[in-house]
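Architecture and fold: a report
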Amino acid sequence: SKGYQAWLQNGFEPDHAAMGPIHDFLQQIITTAQAGSGIYQTAVQELVDGIRSITGQKPVCMESGSGRYLTLGTIGSSSFIDQSIEAGEAERLGDEGFVIRKVDRGEHVYIVLAGKTEKGLLYAVFHFLRLLKTGGLTDQVDVTEVPKYRLRMVNHWDNMDGSVERGYAGQSIFYRNDVLLSRSARVRDYARLLASVGINGIAINNVNVHRHETRLITEVYLPDVARIADIFRNYGIRLYLSVNFAAPIELGDLRTADPLDADVQKWWKEKAADVYCYVPDFGGFLVKADSENRPGPFTYGRDHADGANMLAEALKPYGGIVLWRCFVYNCHQDWRDRTTDRARAAYDHFKPLDGRFLDNVVLQIKNGPMDFQVREPVSPLIGAMEKTNQIVEFQITQEYTGQQKDVCYLIPQWKEVLDFDTRIKGEGSTVKEIAAGLVHPYVHSGITAVSNIGDDLNWTGHHLAQANLYGYGRLIWNPELSSELIAKEWALLTFGPNKAAADTIADILMASWPIYEKYTSPLGVGWMVRPHYHYGPDIDGYEYSKWGTYHFADCHGIGVDRTQSTGTGYSAQYEKANSELYENLETCPDELLLFFHHVPYTHRLKSGKTVIQHIYDTHFEGVEQVEQVISRWRGLEGDIDAERYRHVCGRLEAQLENAKEWRDVINTYFYRKSAIPDEKNRVIY
Ligand code: BDP
């Protein structure tokens with residue numbers, strides 16, 4: 001099905017005019033002798049299949065040729081390649097960069113696809129095909145690409161029973177009934193999708209590691225884990241596993257998991273040895289410890305550096321890393337206690353530990369201080385630790401952003417995060433640079449995100465949610481790409497070369513995050529969702545709960561006072577300039593107002609509106625804009641295939657119902673609380 005093929009469609013008919021000058025090069029491919037890590041074969045295969053899917057003709061692969069052709073190989077593997085690469089260029093390409101370049105040498109006129117490594121080469125192939133399909137190639141092609149981030153990962157919250165925590169697209173593609181689906185063709189197809197957008201790491205099990213998953217690092221499951229690792233390896237993707245900090249106990253071997261206990265240390269060293277026996281290039285362990293009732297070093301009076309370092313020691317001999325999550329907070333909070341602030345927790349726990357972590361530990365930090373809300377400030381922990389490696393965590397799966405029932409294109413949100421200037425080392429200390437290890441010289445750094453796929457035929461439930469996975473990969477390869485460009489590229493590749501249709505789809509995507517924000521919780525306050533499910537409105541659902549997620553609405557006003565002067569002091573976790581910006585009611589950006597301040601409903605925003613009128617207006621606008629989206633989508637009938645057209649129609653109708661429910665519940669709630677009527681008299685009591 002077309003949904004299954006996602007952005008790697010077979011039978012793609014590109015704009016022939018745009019492809020004209022390139023066409024002559026596509027009949028012959030000159031291959032080079034390679035050491036044969038498996039990735040080269042993948043690259044050749046992808047190139048052959050990709051070209052056939054575009055031209056309808058299978059190119060011929062040869063070891064030499066003349067005339068016009070394509071050639072691909074790593075630098076040093078053939079004189080044709082080496083003569084087209086300038087001195088010093090190989091170094092600049094690093095381990096994953098590539099060149100696509102036309103070379104004219106009289107008798108030989110060819111387009112070379114080259115990388116310093118086979119991995120770079122694989123990325124060159126996918127990029128070449130993408131350019132070919134989107135009309136981005138001329139016969140003067142000369143492209144050099146190097147990824148901005150070293151670690152470009154996805155995390156799966158998949159459980160071995162086949163369920164997916166926060167999954168909105170069916171069951172896991174990796175497990176069913178406690179068995180690994182290590183021979184599934186789907187795993188390979190997923191590897192292709194990921195590699196085509198440059199992803200190079202994957203953690204295949206949930207960070208909440210329960211009974212069965214704890215055994216993934218034992219001989220019971222390692223043979224299957226190894227088979228899955230083989231599939232990903234051929235696409236340049238390293239495998240990681242989430243581990244249970246209490247595994248030595250839960251597997252029945254020891255009575256403690258104390259990281260300073262010699263037996264525990266030895267236990268993990270042996271486990272690491274076992275894992276590397278099966279998966280020689282294993283990436284490392286991902287750990288959620290002392291968080292949401294998961295075990296961790298706190299049980300033994302140890303801190304997170306003790307815990308992470310113990311695992312890091314075990315992985316060190318093999319070059320493995322520990323991805324240690326900073327999502328640590330008190331999830332048994334007393335809501336009456338106004339001094340505890342969940343937003344502060346990550347910084348308070350980890351900042352004092354700077355300098356204590358081994359250099360193969362990487363702290364994994366969610367983009368915001370709470371939990372993937374539609375709007376949050378950037379986590380103040382990002383960049384705050386000079387001597388500790390960091391990786392930023394995004395959430396592709398739309399837990400709080402519409403659950404792949406509602407459209408919500410998240411690339412613009414992530415771009416705002418990446419562009420945020422922390423000022424940690426003066427102006428220009430953006431998250432974008434920090435995550436690249438360019439502000440503090442991190443040994444390991446990059447970006448990771450929770451995947452949004454499952455075994456639904458179209459991978460993501462909502463067809464348009466594929467754009468988030470695609471866009472995530474493209475963005476973290478090159479964060480300078482605009483959200484619009486990524487959206488258009490995705491739409492062309494996914495729905496075919498109809499430019500007008502692609503523009504409409506891109507417009508719909510670009511409008512979607514602001515629309516979703518309008519009809520859900522206002523001005524950065526977050527939550528207000530149905531407890532546990534996190535879809536649909538329940539304004540007070542979490543208000544008197546233990547989770548630390550409150551809005552404090554009463555008859556006078558709303559918002560969380562996180563200022564230093566009168567509130568929780570969270571605002572002081574930022575560098576001075578940002579801290580002052582948020583602290584001060586006059587300068588705090590409207591969209592984050594209620595995250596930082598508790599204000600009366602009559603408080604005037606920079607837009608000139610009162611908070612209460614803003615709430616009313618945005619909720620009406622949100623619903624109206626969903627209606628506009630529906631009519632724009634309906635305009636695509638006949639321009640895109642009927643199956644996907646109809647499927648999205650269905651989702652949009654459901655989104656409209658959701659938006660209306662939010663609008664009515666939110667507006668009536670705040671009318672009743674504030675007793676201030678809507679200026680336009682639309683809100684019922
Ligand atoms: C929250 C999810 C929960 C995850 C947790 C995490 O609701 O299911 O386990 O994050 O990131 O967003 O560990």
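Residues numbered from 1 in each chain as written. Predicted model: local features only at pLDDT ≥ 70, side-chain atom pairs only at ≥ 80, totals over all residues. Heavy atoms only, no water.

In the nomenclature of an unreviewed UniProt entry, the protein is known as Xylan alpha-1,2-glucuronidase of Paenibacillus abyssi. UniProt, in its Subunit (unreviewed entry) section for the protein, records the words "Homodimer." The UniProt entry for the protein carries the following text under Sequence similarities (unreviewed entry): "Belongs to the glycosyl hydrolase 67 family." (UniProt positions renumbered as here; feature names shortened; annotations may be inferred.)

1. Section: the overall build of the protein
Within the protein, the regular secondary structure consists of 22 helices and 18 strands. Against the 2.2 N^0.38 benchmark of 26 Å for 685 residues, the protein shows a C-alpha radius of gyration of 26 Å, consistent with a compact globule. On the principal axes, the C-alpha backbone points of the protein span a range of 80 × 65 × 50 Å. A total of 685 residues make up the protein; the buried ones form 63% of that total. Within the protein, contacts between residues separated by at least 24 positions form 72% of all contacts whose residues are at least 6 apart in sequence. (Helix = DSSP H or I, 4+ residues; strand = E, 2+ residues; numbered from the N terminus. Rg over C-alpha atoms; globule rule 2.2 N^0.38 Å. Buried < 20%, exposed > 50% of the residue type's maximum accessible area, 1.4 Å probe, protein only. Contact = heavy atoms within 4.5 Å.)

2. Some remarks on the site of the ligand
Around the ligand sit 14 residues in total, of which Glu 165, Lys 288, Lys 366, Asp 371 and Glu 399 are the nearest. At 2.9 Å, a side-chain N or O of Arg 166 approaches an oxygen atom of the ligand. Contact between the ligand and Asn 208: an oxygen atom at 3.0 Å from a side-chain N or O atom of the residue. Taking 320 Å² as the accessible area of the ligand by itself, protein coverage stands at 96%. Of the residues in the shell around the ligand, the class split is four nonpolar, two polar and eight charged. (Near = heavy atom within 4 Å. Polar contact = N/O pair within 3.5 Å; in protein donor to acceptor, adjacent residues only side chain to side chain. Areas by Shrake-Rupley, 256 points an atom, 1.4 Å probe, with all protein chains shown as cover. Nonpolar A, V, L, I, M, F, W, Y, C, P; charged D, E, K, R; others polar.)

3. Side note on the confidence of the model for the protein
Where the model shows low pLDDT, its predicted coordinates should not be examined in detail. For the protein, per-residue confidence averages 96 on the pLDDT scale, and residues scoring 70 or more make up 99% of the total. Among the scores for the predicted complex, ipTM is 0.99 and pTM is 0.98. (pLDDT = per-residue confidence, 0-100.)

4. Re the nonpolar core
Here is a general trend for soluble globular proteins: nonpolar side chains tend to be buried in one another's company. Core analysis: the biggest nonpolar cluster contains 219 residues, and Phe 128, Tyr 190, Phe 232, Trp 268, Trp 324 and Trp 633 have the highest contact counts within it. A per-element tally of this core places helix H22 (residues 642–674) first, with 11 residues. Not counting residues up to four positions away in its chain, the partners in contact with Phe 128 are Leu 26, Leu 47, Leu 70, Ile 100, Ile 111, Leu 113 and Leu 137. Among the nonpolar cores identified, the runner-up in size contains 10 residues, and Tyr 69, Ile 81, Ile 85 and Val 112 belong to it. (Core = buried A, V, L, I, M, F, W, Y, C linked by side-chain atoms within 4.5 Å.)

5. Section: empty space enclosed by the protein
Within this structure, the stated rule accounts for 10 cavities of 30 Å³ or more. Its boundaries defined by the atoms lining it, the largest cavity holds a volume of some 100 Å³. Surrounding the largest cavity, 13 residues form its lining, Cys 326, Phe 327, Ala 346, Gly 368 and Pro 369 being those nearest its centre. Those elements that place two or more of their residues in the lining of the largest cavity are helix H13 (345–350) and strand S14 (361–366). When its residues are assigned to classes, the lining of the largest cavity shows nine nonpolar, two polar and two charged. (1 Å grid on protein atoms, 1.4 Å probe; cavity = no way out; pocket = protein on both sides within 12 Å on 5 of 7 lines; lining within 4 Å. Points joined across faces, edges and corners; volume = space filled by probe spheres on them.)

6. Thoughts on the sheet that holds strand S4 (residues 98–105)
Overall, mixed pairing links the six strands, which are arranged S2-S1-S3-S5-S4-S6 in an open sheet. The open sheet has two free edges, formed respectively by strand S2 (60–62) and strand S6 (142–145), since each of these has just one partner strand. Strand-to-strand twist across the sheet, computed as the mean angle between neighbouring axes with direction ignored, equals 25°. Judged from the three bridges that link them, strand S1 (residues 28–31) and strand S3 (residues 67–74) form a sheet pairing that is parallel. Across the sheet, Ile 30 pairs through a bridge with Thr 71, a residue of S3. (Pairing = 2+ DSSP bridges. Axes fitted to C-alpha atoms, helices over the stretch in contact; angles between N-to-C directions.)

7. Describing the packing of helix H11 (residues 262–278) against helix H12 (residues 304–315)
The interhelical angle for the contact between H11 and H12, taken along N-to-C directions, is 45°, at an axis separation of 8 Å. When the axes of H11 and H12 are compared, the pair comes out oblique. Taken as a pair, H11 and H12 cross one another with a handedness that is right-handed. Taking contact as the criterion, the partners of Val 264, Gln 265, Trp 268, Lys 269, Ala 272 and Tyr 276 in H11 are, on H12, Met 310, Leu 311, Glu 313, Ala 314 and Leu 315. (Parallel < 35°, antiparallel > 145°, perpendicular 65-115°, else oblique. Left-handed = near helix turned anticlockwise from the far one by under 90°.)

8. Side note on the pattern of salt bridges
Per the stated rule, a full pass over the model turns up 45 salt bridges. Here Asp 455 and Arg 176 are joined by a salt bridge, their closest N and O atoms 3.6 Å apart. Highlighted residues: Asp 455 in the loop between strand S16 (445–450) and helix H16 (466–477) and Arg 176 in strand S8 (residues 175–176), separated in sequence by 279 residues. With a relative accessible area of 27%, Asp 455 lands in the partly exposed category. Here Arg 176 falls in the partly exposed class, since its relative accessible area comes to 27%. Salt-bridge contacts for Arg 375 lead to Glu 517; the nearest nitrogen and oxygen are separated by 2.8 Å. Taken together, the residues Arg 375 in the loop between S14 and strand S15 (389–395) and Glu 517 in helix H18 (residues 499–519) connect sequence positions 142 residues apart. Look at Glu 517 and you get buried, because its relative accessible area is 15%. Each of Lys 609, Asp 617, Asp 678 and Arg 682 takes part in a single network of salt bridges with overlapping partners. (Salt bridge = Lys/Arg side-chain N within 4 Å of Asp/Glu carboxyl O.)

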